[in-house]
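Analysis of the macromolecular model
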Amino acid sequence: MSGTSLDGLDLALCEFKPAKGKYSYRIIKAKTVLYPYKWKHLLSEAKHANAKNYVRLHAEYGAFIAKEANKFLKPLKRRPYAIASHGHTVFHQPLLGFSTQIGCGATIAAHTGITTVCDFRSLDVANKGQGAPLVPIGDKFLFGDFQACLNIGGIANISFDKNGKRIAYDICEANMLLNHLSEKLGRAFDKDGELARGGKVNKKTLAALNDRDYYSNTGAKSIGREWFEREIMPQLKGKNIQSLLATAVEHIAHVIASDLDKHKIKNVLVTGGGAFNAYLVEKIRSKTKCRITIPDAETINFKEALIFAFLGYLRLNTKTNTLSSVTGARRDSCGGAVYQM
């Protein structure tokens, strides 16, 4: 799994077993490979590449994923049945009929010798869905003890059951915004939110950030980097980066807490890198009555990788892995391209 925040490549070796209509899981081993500057730069600039360089990067990034998977698996006696690879999202424009993730699955399969499942979003988009979020089916079957699951990654998204159906959507930008600002101060991210804690909220900028039409939209909805660059970046006016960080945290906490209260969520499991941001979590807690649960570090770091492994497991067992109640598609589907080895 590689997320929009560009932290690195998450690798998780997982095991699943059916258990009375749900599934049990075990993370046997997990690791994050931090991106060197080369890959961070290539992935962040991929949207500007010409067709030839884009396709080349798709293959090269697949080879990189395969190389890291082989290194990860080398010390282990067990070989996985399959690799489920999300890849890295470059373009997400479901209304135009596409969501593209690079990291060639054929290359991964060929270089590892392991059956590879990839391209999880395209079938849902072809069925007129958003192609996102895909994690909610894992929330439902693996983390069903919680009323809702909130992932605070590059984008914050939530899933929960409503009227007997699982619904989910992207709430707002999160680490994508915070990391963008932190990098201006020479830091990859704002550890524990301490930079934001030391800043002063700019009320005018806060009002502009909160006043995005997307937040009041209902039904299936999702956002990507294109939305962030169009809707959020123009609002980031001013040279005081700490003030902008403080304002961004206030904004993200406000939007998340408002959604929790609007849907009367009483308890929520919070994962993703944002769960480590003590100041952001503190701000969310101050704005909602919902009980916020922060799990162990392994669950925080690798829940998305775990669930994409689960999506691959469902795909290979020809079971539904994408919910139309979440994405707004015409029908549920079993998405993912398989390169059999």
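See the structure above.
Rules and cut-offs
- Residues numbered from 1 in each chain as written.
- Predicted model: local features only at pLDDT ≥ 70, side-chain atom pairs only at ≥ 80, totals over all residues.
- Heavy atoms only, no water.
- Pairing = 2+ DSSP bridges.
- Helix = DSSP H or I, 4+ residues; strand = E, 2+ residues; numbered from the N terminus.
- Buried < 20%, exposed > 50% of the residue type's maximum accessible area, 1.4 Å probe, protein only.
- Polar contact = N/O pair within 3.5 Å; in protein donor to acceptor, adjacent residues only side chain to side chain.
- Contact = heavy atoms within 4.5 Å.
- Phe/Tyr/Trp six-rings, centres within 6.5 Å; stacked < 30°, edge-to-face > 60°.
- Axes fitted to C-alpha atoms, helices over the stretch in contact; angles between N-to-C directions.
- Salt bridge = Lys/Arg side-chain N within 4 Å of Asp/Glu carboxyl O.

Side note on the sheet that holds strand β6 (residues 116-118)
- The 3 strands lie next to each other as β3-β6-β12, forming an open sheet whose pairing is mixed. The two strands at the open ends of the sheet, each matched to only one other strand, are β3 (83-84) and β12 (337-339).
- Where β3 lies against β6, 2 bridges are found, and the strand directions are parallel. Bridge pairing in β6 links Ile83 to Thr116.

With respect to the pairing of strand β10 (residues 267-271)
- With 5 of 5 residues buried, β10 is to be regarded as a mostly interior element.
- Burial along β10 is two-sided: Asn267, Leu269 and Thr271 facing one way and Val268 and Val270 facing the other are all buried.
- The sheet contact formed by strand β7 (residues 148-152) and β10 spans 4 bridges and is parallel. Considered in β10, the bridge of Cys149 is made with Leu269.
- Pairing between β10 and strand β11 (residues 291-293): 3 bridges, direction parallel. Bridge pairing in β11 links Leu269 to Thr293.

Re the side chain of His251
- Within the element layout of this structure, His251 appears in helix α10 (residues 241-262).
- Take His251: its relative accessible area is 0%, and that puts it in the buried class.
- Looking at His251, its side chain comes within polar contact range of the side chain of Glu173, at 2.7 Å.
- In terms of polar contacts, His251 uses its side chain to reach the side chain of Tyr215, at 3.1 Å.
- When neighbours within four sequence positions are excluded, His251 is seen to be in contact with Glu173, Leu177, Leu206, Leu209, Asn210 and Tyr215.

Looking at the packing of aromatic side chains
- Overall, the coordinates contain 16 aromatic pairs when judged by the stated rule.
- For the pair Tyr54 and Phe91, a centre-to-centre distance of 6.0 Å together with 35° between the ring planes defines the contact as tilted. Here Tyr54 is found in helix α2 (residues 51-73), whereas its partner Phe91 is found in strand β4 (residues 88-93), with 37 residues between them in sequence.
- A relative accessible area of 17% means that Tyr54 is categorised as buried.
- A network of ring pairs unites the aromatic residues Phe16, Tyr23, Phe141, Phe310 and Tyr313 as a single cluster.

A closer look at the side chain of Arg121
- Inspection of the secondary structure assignment puts Arg121 in the loop between β6 and α4 (122-126).
- At 2.7 Å, the side chain of Arg121 and the backbone oxygen of Gly131 are in polar contact.

A closer look at the sheet that holds β7
- Pairing within the open sheet is mixed, and its 5 strands lie in the order β9-β8-β7-β10-β11. Bordering the open sheet on either side are β9 (165-173) and β11, each of which pairs with just one other strand. Averaged over all pairs of adjacent strands, the angle between strand axes in this sheet comes to 20°, irrespective of strand direction.
- Relative to β9, α10 is tilted by about 160°, and along the sheet it contacts β7, β8 (155-162), β9, β10 and β11.

Quick word on the pairing of strand β1 (residues 8-19)
- Alignment of β1 against strand β2 (residues 22-34), held across 12 bridges, turns out to be antiparallel. Looking across to β2, one finds that Ala12 is bridged to Ala30.

Description of the pattern of salt bridges
- In total, this model carries 14 salt bridges according to the counting rule given.
- Salt-bridge contacts for Glu15 lead to Arg78; the nearest nitrogen and oxygen are separated by 3.0 Å. One end of the pair, Glu15, is in strand β1; the other, Arg78, is in the loop between α2 and β3, and 63 residues separate them in sequence.
- When its relative accessible area of 44% is taken as the criterion, Arg78 is described as partly exposed.
- A salt bridge links Glu250 to Lys283; the nearest nitrogen and oxygen atoms lie 3.2 Å apart. Here Glu250, found in helix α10, pairs with Lys283, found in helix α11 (residues 278-287); they are 33 residues apart in sequence, far enough to count as distant.
- Among the charged side chains, a salt-bridge network with shared partners connects Glu15, Arg26 and Arg78.

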